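Notes for the structure review
Here are the chains, one letter per residue:
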Amino acid sequence: MKIPFSYLSKQFDDRTTDRILAQIKQMVRRADFTLGKEVGVFEKKIARLCGTRYAVGVMSGTDALFLSLKALGIGLGDEVITTVNTFFATAGAIVIAGATPVFVDVGTDYLMDVSKIERAITKRTKAIIPVHWTGNVCDMDAIRRIAKQRNLFIVEDACQAIDASYRGKKTGSFGDAGAFSMHPLKNLNVWGDGGMITTNSRALYAKLLLMRNHGLVDRNTSALYAYNARLSTLQAVVALDVLRTLPDITKRRIALARFYDKELGRIPHITLPPRSPEKKQVFHLYIVQAKKRDGLLAWLVKHGVDAKIHYPLPLHLQPASRQLGLPYKRGDFRVAEAQATSIISLPLHQHMTMREAKHIVDSVKAFYAQ
Ligand SMILES: *Cc1c(COP(=O)(O)O)cnc(C)c1O
């Protein structure tokens, strides 16, 4: 049995592809390429899904983070606090905005350890980017309390966490802005790149609309020199089609995660992250900690299971952090560093069958039974 990490050939089968292509054809015949009708429709639906007043379609999740920071006035000389185990784009967006990333360690749930935030705040700190890593939700009550006390902005990196919630409140609705990605491997995905920013601030919304489109207020007038980060209408067509299935995608991912939790929780060599009934996780990734991780990974790959590591090297130890002259060294973030040697991501997606999930669990058991 071969169980790949990617499911795109299953998701976009003949029927689905033909349906989407027919909608794209209509859009092409209307020549509605630039900020076309579907972009606006999709924005309204995302705002409704996230429970925010506004949403702005942009070109990628990275642009969503970058433009949110820029629109909040963050740039040269400013510091932005984020977590040490995230995708490169979180730190990349901070750097491209002209600011400096300041890292904090993670907890047993792989999310930003909120007890470490205060110590990372300096006179230059302007914002916190909590990352809803794996599709789990950060402790937003605590983060909001700190941000309020210290007068900091919050930009949620919700790129992995569309439709996730904490006490019924959706990701993207906690901060000043929320950033989402529609990269092909994200839960809500398109045929290339796409991103979304959610916000409740009318002023920020107005600024973001300008910043993604050359500052244009009309064809001949620019209110502000800015950028081109428009969500393509073509991708909005795809996104609208996939959005209709998002509740099923989320449900299926949660069901598979429950099965994994139940089965893997019985294996003494495996440590599950804590689960909270107050959090609706959407399981973009399914990560556990495993004894003899490297042996297990090789064993699973040998048995057709496309397991991966997200990620083997935390951001503070990346060559990019050294290149930037960040002052970090090994030992600075002990939890993330220890997890980097024990975490493993098992394939989990909406097109996986129970038989495949069972094969993966059996393969893990067989490894430790040797
Ligand atoms: C995917 C991802 C991004 C970047 O999104 P792109 O659309 O690929 O630019 C940022 N942060 C996190 C946590 C991600 O998973």
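Bear in mind that the values here come from a model prediction, so they are computed numbers and not experimental data.

Details of the sheet that holds strand β14 (residues 286-290)
In space, the three strands of this open sheet follow the order β12-β14-β15, with antiparallel pairing throughout. If you trace the sheet from one side to the other, it starts and ends with β12 (270-271) and β15 (343-346), each paired once. Relative to β14, β12 is paired through two bridges, and the arrangement is antiparallel. Across the sheet, Ile270 pairs through a bridge with Ala290, a residue of β14.

A few points about the packing of helix α4 (residues 61-71) against helix α8 (residues 202-211)
Where α4 contacts α8, the two axes come as close as 10 Å, and the packing angle between them is 120°. In this view, α4 runs oblique relative to α8, as classed from their interaxial angle. Judged by the twist between their axes, the crossing of α4 over α8 is right-handed. Between α4, through Leu67, Ser68, Lys70 and Ala71, and α8, the contact on the second element is made entirely by Leu204, Lys207, Leu208 and Met211. Partitioning the contact of α4 with α8 into residue classes produces five nonpolar, one polar and two charged.

Description of the pattern of salt bridges
Under the criterion given, the structure shown has 21 salt bridges. A salt bridge links Lys116 to Asp113, with the shortest nitrogen-to-oxygen separation between them at 3.2 Å. Residue Lys116 is classed as partly exposed on the basis of its relative accessible area, which comes to 25%. Note that Glu263 is salt-bridged to Arg266, the shortest N-O span being 3.7 Å. You can call Glu263 buried: its relative accessible area is 13%. On the basis of relative accessibility, which here comes to 57%, the residue Arg266 falls in the exposed class.

Procedures and definitions
Residues numbered from 1 in each chain as written. Predicted model: local features only at pLDDT ≥ 70, side-chain atom pairs only at ≥ 80, totals over all residues. Heavy atoms only, no water. Pairing = 2+ DSSP bridges. Helix = DSSP H or I, 4+ residues; strand = E, 2+ residues; numbered from the N terminus. Axes fitted to C-alpha atoms, helices over the stretch in contact; angles between N-to-C directions. Parallel < 35°, antiparallel > 145°, perpendicular 65-115°, else oblique. Left-handed = near helix turned anticlockwise from the far one by under 90°. Contact = heavy atoms within 4.5 Å. Nonpolar A, V, L, I, M, F, W, Y, C, P; charged D, E, K, R; others polar. Salt bridge = Lys/Arg side-chain N within 4 Å of Asp/Glu carboxyl O. Buried < 20%, exposed > 50% of the residue type's maximum accessible area, 1.4 Å probe, protein only.

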